[in-house]
Amino acid sequence: MRVELSDDARQLVALFEDEAAVTVRDCVIDEAHDQVVYLVKRGEIADAIGPGGETVTTVEERIGRPVKLVEDADTAEDFVANALAPAAVYNVTISENDDTIAYVEVAQEDRGAAIGREGRNIDAARHLARRHYGIDGIELT
């Protein structure tokens, strides 16, 4: 799917790519949760985080809001699992009936991490999954 970026998002992508020397595939400015979500090329997430989280901290200070990083994936199932990190995801099943829904098996103790404060993690995962894989919803099981 083709993703359109706003001018602000393009500027944030350039800033992060310059700081981390990684490839950013998408950037979502999440006004509802006051965060910026970056989708990083598969295999580059460690460089995006930086030693001890240094790169993320630097970018957060420069833009004045929290940053969430998501690693890209080759399949919709892996993408959804990555988007819900740091929660441990055991299984993702994509159901295509009237809507395309990703059913995600998460351990009870990781449900809070998957959802995030005020729903910020699952909302970001839903937004990215819709943009990149046409998934209409994500349900935790």
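Residues numbered from 1 in each chain as written. Predicted model: local features only at pLDDT ≥ 70, side-chain atom pairs only at ≥ 80, totals over all residues. Heavy atoms only, no water.

1. A short note on the confidence of the model for the protein chain
So the rule is basically this: The quantity known as pLDDT measures the predictor's confidence residue by residue, on a range of 0 to 100. Strands are runs of DSSP state E lasting at least two residues, helices are runs of H or I lasting at least four, and both sets are numbered from the N terminus onward.
Across the protein chain, the average pLDDT comes to 95, with 99% of residues at 70 or higher. Within the protein chain, the lowest mean pLDDT, 95, falls on strand β4 (residues 89-96), and the highest, 98, falls on strand β2 (residues 35-40).

2. Here we look at the side chain of His33
The test is simple: Residues count as neighbours in contact if any of their non-hydrogen atoms are within 4.5 Å of one another.
By the element assignment, His33 lies in the loop between β1 (24-30) and β2. In this view, His33 contacts Glu118, Gly119, Arg120 and Asp123; residues no more than four positions away in its chain are not counted.

3. Here we look at the sheet that holds β2
Condition: Should DSSP find at least two bridges between two strands, the strands are regarded as paired. Axis definition: a line fitted to C-alpha atoms, limited for helices to the stretch in contact. Angles are taken between N-to-C directions and run from 0 to 180 degrees.
If you trace the 3 strands from one edge of the open sheet to the other, you get β1-β2-β3, paired in mixed fashion. Edge positions in the open sheet fall to β1 and β3 (67-71), since each of these has one partner strand only. Adjacent strand axes in the sheet meet at a mean angle of 20 degrees when their direction is disregarded. In this structure, β1 lies alongside β2, joined through 6 bridges in antiparallel fashion. Of the residues in β2, the one forming a bridge with Asp26 is Leu39. Across the sheet, helix α3 (residues 54-63) touches β2 and β3, and the angle it forms with β3 is around 135 degrees.

4. Some remarks on the packing of helix α4 (residues 76-83) against helix α6 (residues 120-133)
Where we set the bar: Any angle that is under 35 degrees is reported as roughly parallel, and any over 145 degrees as roughly antiparallel; angles of 65 to 115 degrees are reported as roughly perpendicular and all others as oblique. The hand of a helix crossing depends on one turn: near helix anticlockwise from the far one by less than a right angle means left-handed, and clockwise means right-handed.
Where α4 meets α6, the closest approach of the two axes is 9 Å, and the angle between their N-to-C directions is 155 degrees. In this view, α4 runs roughly antiparallel relative to α6, as classed from their interaxial angle. Between α4 and α6 lies a crossing whose hand is right-handed. Within the contact between the two elements, α4 uses Ala76, Phe79, Val80 and Ala83 and α6 uses Asn121, Ala125, Leu128, Ala129, His132 and Tyr133.

5. Examining the nonpolar core
Rules: Nine residue types can take part in a nonpolar core, namely buried Ala, Val, Leu, Ile, Met, Phe, Trp, Tyr and Cys, and a core is a set of them joined through side-chain atoms within 4.5 Å. Relative accessible area decides the class of each residue, using a 1.4 Å probe on protein chains only: under 20% of the type maximum gives buried, over 50% gives exposed, and in between gives partly exposed.
Within the largest apolar cluster, 25 residues are counted, with the highest numbers of intra-cluster contacts made by Val80, Leu84, Val104, Ile138 and Leu140. In contact with Val80, not counting residues within four places along its chain, are Val92, Ala102, Val104, Ala129, Ile135 and Ile138. If you look at the next biggest cluster of nonpolar residues, it comprises 17 residues, including Val13, Val22, Tyr38 and Val56.

6. As for the side chain of Asp30
Quick note on the threshold: For the purpose of charge, His is not counted, nor are the chain termini; Lys and Arg are scored as positive and Asp and Glu as negative. In the sections that follow, a salt bridge refers to a side-chain nitrogen of Lys or Arg positioned within 4 Å of a carboxyl oxygen of Asp or Glu. Identification of polar contacts relies on pairs of N or O atoms within 3.5 Å, with a donor-acceptor requirement for protein atoms, meaning one able to donate a hydrogen and the other able to accept it, and with residues adjacent in sequence counted only if both atoms are side-chain atoms.
Counting through the fold element by element, Asp30 comes out in strand β1. No salt bridge is formed by the buried Asp30; the nearest opposite charge belongs to Arg120, separated by 6.7 Å. Within the structure, the side chain of Asp30 is placed 3.2 Å from the backbone nitrogen of His33, a separation counted as a polar contact.

7. Focus on the sheet that holds β4
If you walk across this open sheet you meet the 3 strands as β4-β5-β6, and the pairing is mixed. The outermost strands of the open sheet, each flanked by one partner alone, are β4 and β6 (137-140). Ignoring strand direction, the axes of neighbouring strands in this sheet form an average angle of 20 degrees. The sheet contacts of α4 involve β4, β5 (100-106) and β6, and relative to β4 the element is tilted by about 130 degrees.

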